[in-house]
Amino acid sequence: MNAIERLKKAGLGPGNGEIIWHKLDLSDPRDAKKSGEEFLKRESRLDILINNAALISAPFEKGPDGVSTMVTINYGEILNPFSAETASFFLPPQSHQPLRIYPNTPYVRIVNVASTVHRWIPLGPTFNTIEDYNLLYKGKILSGLMRYGHSKLMNVLFTRSLQKRFDEATPPVPITVIAAHPGGVDTYSQDWYFSTLGRWLMSSFL
């Protein structure tokens, strides 16, 4: 809500669109699914989806489904919006009804905010079992950041898979899916308290 007020003060006024706060709790997939259902009740069109939620560093814990909370939030941010209900915005329906995206435009985007930290993750995880979702990286330097990179690797792999799925659909879905590293962005988030090491890590790797 504070971000909306800041935008209004910066000059968001009539003719420049409207910002509506929409609740989305990614810590439980069931709550995220409800959020998608509420969105479908309110909107009939979606032009761009930016998945930017992230839990960067936190003690390891499991969520209600036995999956790491960090993975549930960071990977779930791109997976949960594609529930059976919300996916109808993007995937061709079985009938011949037109897609519920802006027709005949090449500009529809799904942007998954990843991180270059995914490059730290060694080869090995196949993500075929729940154990691969819950790797602890014990004994590794900055194991918490490694777990974060692990979740962002999942983001990158899913982005590639989703783009392939769109391209190979019949007919192909005219949507571009992008995984982007955000870089060091100068926003009010820098006002949060970080130690000297924390500030260096944020500016160097995230």
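Here the structure is shown first, and the text comes after it.
Throughout this document, residue positions are counted from 1 along each chain, in the order its sequence is written. In keeping with the predicted nature of the model, local features appear solely for residues at pLDDT of at least 70, side-chain atom pairs appear and are counted solely at 80 or more, and the whole-chain, interface and lining totals rest on all residues. Values reported for side chains reflect all heavy atoms of the structure, with hydrogen atoms and water molecules removed beforehand.

Our focus in this paragraph is the pattern of salt bridges. Salt bridge, as used here, is a side-chain nitrogen of Lys or Arg placed within 4 Å of a carboxyl oxygen of Asp or Glu. Summed over the entire model, instances satisfying the criterion amount to five salt bridges. Taking the shortest distance from any N to any O, the salt bridge between Arg 30 and Asp 28 comes out at 3.0 Å. Since its relative accessible area comes to 42%, Arg 30 is described here as partly exposed. Asp 65 serves as the salt-bridge partner of Arg 30, at 3.1 Å between the closest nitrogen and oxygen. Here Arg 30 is found in helix α2 (residues 29-42), whereas its partner Asp 65 is found in the loop between β1 (48-51) and α3 (69-74), with 35 residues between them in sequence. Classification of residues uses two cut-offs on accessible area relative to the type maximum, computed with a 1.4 Å probe and protein chains only: under 20% is buried, over 50% is exposed, and between them is partly exposed. You can call Asp 65 partly exposed: its relative accessible area is 41%. Linked by salt bridges that have partners in common, Asp 28, Arg 30 and Asp 65 make up one network. Secondary structure elements follow DSSP: runs of H or I of four or more residues count as helices, runs of E of two or more count as strands, with numbering from the N terminus.

It is worth spelling out the nonpolar core at this point. Put simply, buried Ala, Val, Leu, Ile, Met, Phe, Trp, Tyr and Cys residues joined by side-chain atoms within 4.5 Å make one nonpolar core. In terms of nonpolar packing, the biggest core is built from 21 residues, with Ile 110, Leu 162, Phe 166, Ile 175 and Val 177 touching the most fellow members. For this core, the element with the highest residue contribution is helix α6 (residues 143-168), accounting for six residues.

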